Amino acid sequence: MALGSLWTSCKKDKSPDIASGPAIRTVTASSNAYVTQLFEFNPAPGQFINTPIADTVAAQGTLKTDQGLVSLGAFGGYIILGFDHTVLDVPGKDDLIVYGNAFPSFAEPGVVWVMQDTNGNGKPDDTWYELAGSETGKVGYKTNYSVTYTRPNCDTCSVPWTDNQGKTGVVQTNIFHTQIYFPIGIKGNTYTLTGTLLPSSNIDLSDPLNITSTAFAFGYSDSTSGGDTMDIANAVDKNGTKVNLKGIDFIKVQTGIQINMGWLGELSTEFCGAADLSILKK
């Protein structure tokens, strides 16, 4: 944490049903409730990047548990993980829980994406669907939002960024974390992250000594102490159209807000683990 679509509600008969083809990996006695495989960790710049809580070891530490901790950095930083079975959509119930390290008055909302293994190859190379939340379609919500980060001129310099809306800014360095904020794993001088931008209307900067970031009503990770539950039925495609998924095999969690909170630094979603609620409750 910082030191720190439009969801078109469609009638069922008009919603694309893409779940009839993919095979369902059924739950067995050996199935793990938690995510079991790390596929990708691609953080944005931030004050915890290039430290032990924002590297691949930390990312691996979020498997098979709700007690891991990895920082995703500023807007767009993400982690992709897989389950050892298909997490089914249970009608009328939440299906997933995603753990972060939020606490009362300070949330760092992350957008959650889901994917079913349509081609059956065990890799997250099919289509991602966003889980629509309470902020979907509101002022400040933007899909296909991209930010390009540029390697700064010095190790202690803030990291410049530009977005696809013509805006610029920096991931500001602070006195509490003096390491390089630009990920050392990036070989080039720039890289671009794309995702859904959430409004920053939940953040109150009016009192610099008591900055708050309240949780949105529902649908985002790193918002509630003890984890945030998600309903696969809220999945939408790139056009914001609701889709019918029988289940999902992979999830992606991605920092959803781009903001500089002064001495607290950037807002950076943290990920601690994720689980299938239907198994977790047994």
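Our structure's up above, just so we're on the same page.
Quick caveat: nothing in here was measured; it's all calculated off a predicted structure. (Residues numbered from 1 in each chain as written. Predicted model: local features only at pLDDT ≥ 70, side-chain atom pairs only at ≥ 80, totals over all residues. Heavy atoms only, no water.)

Undergrad: Help me understand the packing of aromatic side chains, please; the structure alone is not making it clear to me.
TA: Each aromatic ring pair is characterised by the separation of its centres together with the angle its planes make. Under the defined criterion, the tally for this structure stands at 8 aromatic pairs. Ring centres of Y149 and Y191 lie 5.9 Å apart, and the angle between their planes is 40 degrees; on these two criteria the pair is classed as tilted. Here Y149 is found in strand β7 (residues 142-150), whereas its partner Y191 is found in strand β10 (residues 190-197), with 42 residues between them in sequence. Its relative accessible area of 0% is what places Y149 among the buried residues. For the pair F216 and Y220, a centre-to-centre distance of 5.6 Å together with 70 degrees between the ring planes defines the contact as edge-to-face. When its relative accessible area of 2% is taken as the criterion, Y220 is described as buried. Through successive ring pairs, a cluster of aromatic residues spans Y149, F182 and Y191. One Lys or Arg, K252, reaches over the ring of Y78 and ends 5.4 Å from the middle of that ring. Residue placement shows K252 over the ring face of W113; its charged tip is 5.2 Å from the ring centre. (Phe/Tyr/Trp six-rings, centres within 6.5 Å; stacked < 30°, edge-to-face > 60°. Helix = DSSP H or I, 4+ residues; strand = E, 2+ residues; numbered from the N terminus. Buried < 20%, exposed > 50% of the residue type's maximum accessible area, 1.4 Å probe, protein only. Lys NZ or Arg CZ within 6 Å of the ring centre and 35° of its normal.)

Undergrad: I would appreciate a short explanation of the nonpolar core in the present structure.
TA: Counting residues in each nonpolar core, the largest one holds 34 residues, and the members touching the most others are Y149, V171, Y191, L198, I203, I257 and M261. Elements that contribute at least two residues to this core include exactly β3 (78-88), β5 (110-115), β7, β8 (159-163) and β10. Not counting residues within four places of it along the chain, the set of residues in contact with V171 comprises P45, G46, A74, Y149, S158, V159, W161, Y181 and E266. A58, M230, I251 and V253 belong to the second-largest nonpolar core, a separate cluster that totals 28 residues. (Core = buried A, V, L, I, M, F, W, Y, C linked by side-chain atoms within 4.5 Å. Contact = heavy atoms within 4.5 Å.)

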